[in-house]
Amino acid sequence: MSASGPSATDRQPARQPTASSGPAAALPDPAEGLALVKPGVRAQAAYTLRAPTAPRKLNQNECPDDLPPEVKHAVLEAAERAAWNRYPEFVPTRLLERLAEHYGWRGDGILAGNGSNELIQAALAVLVAPGDTVVAPAPTFSLYRLLSGVLGARYLPVPLGPDFEYEPDRIIEAAARERARVVVLNTPNNPTGSTLPPGAVERIVAETGAMVVCDEAYQEFGGATAVPLLQQTARLIVLRTFSKAMGMAGLRFGVALAHPDVAREVAKGKLPYNVNQITLAAASVALDHAPLLAARTRAIVDTRDRFLPRLRRIPGLTVYPTGANFVLIRCRTLPARELFRRLLEEHGILVRDVSGGAELAECLRISVGTPEDMDAVLAALQAILGGTA
């Protein structure tokens, strides 16, 4: 280029994307890339949710009410005081001590996570190697099967009973026979609502050599907690979440409780700085307002307990026992997908269609919303199926 500036040949216009070279162009054959993905991963079905919008959203077991304005304002004020250009605390020690008080465990045995799902992933990542066996009830939260497959573990589902009740003897037999590395106990179980019978966790720990992971995402709504058993065994991890009873699903906060030495190992499986400043502030504020949030949980349980007897009077449905903030039903006179469609299109009610699983044929899951939501569900079911509630 001359001192006087670029020549005519240098002054070419920048190349613009074309249909053959830009994002809209035809993609190359994916075979080369896919060939490098582990076969076990490609064999897994992804965890997905395609949910249309609806006036009444009862498909994800969320708290039906947003956090009260005064709680939101306190969260925003706390977040505003934090330095957003700085990383959050590597270990939020003060928050962990408060969580210890809340759950009745030790601060050095608690990990904070970006939702309890991250802690499920971290726990399995440090516990299982390719070929190890993970035993879990069937049906249960599908993320356990997916992550076990991604890690190369053998996933062994143990069917629940005829009414989706837990049968600890079957779990113990399978875990002992297969020398399971991990036993997963989701209680109350999603999507069935089943709770473990008294003493079941103690038996499973005592009669197997596995690490027992108790996923208690819905424990505030019913069933016993395994947290006291942490005083007696290091082969137990208890998972809790702020997404359900605390009403913070949109902020993603969960905790794992374990023996401090086990917790330190699980911590190696999670990312550093995994919980952001705003969520840490929200978790602390939620603990400030724990009595208020507990009262909201009791109200949801009251709504559920008023709803279930009326639901059982609707003809053509089997209603399964539940200790959670949702209920599983089986459709006997109308296909589940048809009932799902009519609830949505004719009545603006979105529930969860879980009928694709073999154990859940013709089943739908209905989250417990407000009293008005549940009255609307009953009225819609009566209009579609008949009967009185």
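Residues numbered from 1 in each chain as written. Predicted model: local features only at pLDDT ≥ 70, side-chain atom pairs only at ≥ 80, totals over all residues. Heavy atoms only, no water.

A.B. asks: Hey, could you run me through the side chain of Glu118 in this one?
C.D. replies: Inspection of the secondary structure puts Glu118 in helix H5 (residues 116–127). There is a polar contact of 2.7 Å between the side chain of Glu118 and the side chain of Asn274. Here Glu118 is in contact with Gly113, Lys270, Leu271 and Asn274, once residues within four sequence places are set aside. (Helix = DSSP H or I, 4+ residues; strand = E, 2+ residues; numbered from the N terminus. Polar contact = N/O pair within 3.5 Å; in protein donor to acceptor, adjacent residues only side chain to side chain. Contact = heavy atoms within 4.5 Å.)

A.B. asks: Can you walk me through helix H4 (residues 93–103) in this structure?
C.D. replies: Burial in H4 covers these residues: Leu95, Leu96, Arg98, Leu99, Ala100 and Tyr103. Tucked into the core, H4 has its buried residues touching strand S2 (110–113), strand S7 (236–241), strand S8 (254–258) and helix H10 (277–288). With its phi angle positive at about 75 degrees, Gly104 sits one or two positions after the end of H4. (Buried < 20%, exposed > 50% of the residue type's maximum accessible area, 1.4 Å probe, protein only.)

A.B. asks: Explanation requested: the side chain of Ser243 in the structure shown.
C.D. replies: Here Ser243 lies in the loop between S7 and S8. Within the structure, Ser243 has its side chain in polar contact with the side chain of Arg252 (distance 2.9 Å). Apart from the residues within four sequence positions on either side, Ser243 is in contact with Met248, Ala249, Arg252 and Phe253.

A.B. asks: When you look at the nonpolar core in this model, what are you seeing that I'm missing?
C.D. replies: Within soluble globular proteins, side chains that are nonpolar tend to cluster in buried spots. Formed by 57 residues in total, the largest nonpolar core has its most connected members in Leu99, Leu185, Val201, Phe242 and Phe253. Looking at which element gives the most residues to this core, the answer is H10, with 6 residues. Discounting chain neighbours no more than four positions away, the residues touching Val201 are Leu185, Leu196, Val212, Cys214, Ala226, Leu229 and Leu236. (Core = buried A, V, L, I, M, F, W, Y, C linked by side-chain atoms within 4.5 Å.)

A.B. asks: Any chance you could explain the pairing of strand S3 (residues 133–138) here in plain terms?
C.D. replies: Within a regular strand, the side chains alternate between the two sheet faces. Across the 6 residues of S3, 6 count as buried, placing the element largely inside the fold. The pairing of S3 with strand S4 (residues 154–159) spans 6 bridges and is parallel. Its bridge partner being in S4, Ala136 is matched across the sheet by Pro157. Handedness of the crossover is the feature at issue here: the chain leaves S3, passes through helix H6 (residues 143–150), returns alongside S4, and the resulting connection is right-handed. Across 2 bridges, the pairing between S3 and strand S5 (residues 182–186) is parallel. When the bridges of S5 are listed, Val135 appears paired with Val183. (Pairing = 2+ DSSP bridges. Right-handed = clockwise from strand over helix to strand, strands pointing away.)

A.B. asks: Honestly, H5 in this entry has me stumped. Any pointers?
C.D. replies: Residue pairs spaced three or four apart in an α-helix point in one direction, given the helix's 3.6 residues per turn. Here H5 spans 16 Å end to end across 12 residues, near enough to the 16 Å set by a 1.5 Å rise per residue. If you check which residues of H5 are buried, you get Ser116, Glu118, Leu119, Ile120, Ala122, Ala123, Leu124 and Leu127. (Expected span 1.5 Å × (residues − 1).)

A.B. asks: Where do I start with the sheet that holds S2 in this structure?
C.D. replies: Backbone hydrogen bonds are what pair the strands of a sheet, in a parallel or an antiparallel way. On the basis of which strands lie adjacent, the open sheet formed by 7 strands has the order S2-S8-S7-S6-S5-S3-S4 and mixed pairing. Where the open sheet ends on each side, the last strands, each with one partner, are S2 and S4. Strand-to-strand twist in this sheet, taken as the mean axis angle between neighbours without regard to direction, amounts to 20 degrees. Pairing analysis gives 5 bridges linking S7 to S8, with the strands arranged antiparallel. Looking at S8, one finds that Arg240 is bridged to Val255. Where H4 meets the sheet, its contacts fall on S2, S7 and S8, and the angle it forms with S2 comes to roughly 110 degrees. (Axes fitted to C-alpha atoms, helices over the stretch in contact; angles between N-to-C directions.)

A.B. asks: What's the story with the sheet that holds strand S13 (residues 363–367) in this structure? I'm lost.
C.D. replies: Overall, antiparallel pairing links the 4 strands, which are arranged S9-S10-S13-S12 in an open sheet. In this open sheet, the two strands that pair with only one neighbour each are strand S9 (317–319) and strand S12 (352–353). Here 5 bridges tie strand S10 (residues 326–331) to S13, and the two strands are oriented antiparallel to one another. In the sheet register, Phe326 faces S13, and the bridge partner there is Ser367. Set on the sheet, helix H11 (residues 290–311) makes contact with S9 and S10; between it and S10 the angle comes to about 10 degrees.

A.B. asks: Sorry, what's going on with the environment of Gly247 here?
C.D. replies: The residue Gly247 is located in the loop between S7 and S8 in this model. Each C-alpha atom of the pair Gly247 and Glu62 lies 6.9 Å from the other, and the pair is 185 residues apart in sequence. In contact with Gly247, not counting residues within four places along its chain, are Cys63, Leu67, Phe242 and Arg296.

A.B. asks: How should I be thinking about unusual backbone geometry in this particular structure?
C.D. replies: Excluding glycine, a negative phi dihedral is what most residues carry, and trans is how most peptide bonds are arranged. Looking along the chain, the bond that leaves Thr187 and enters Pro188 is cis, with omega of -10 degrees. Looking at the secondary structure, you find Pro188 in the loop between S5 and helix H8 (200–207). One non-glycine residue with positive phi stands out, namely Asn61, at about 60 degrees. Note that Asn61 resides in the loop between strand S1 (56–57) and helix H3 (69–81). On the basis of relative accessible area, Asn61 is assigned to the buried category, the value being 1%.

Purely geometric stuff here, so don't read any function into it on its own.
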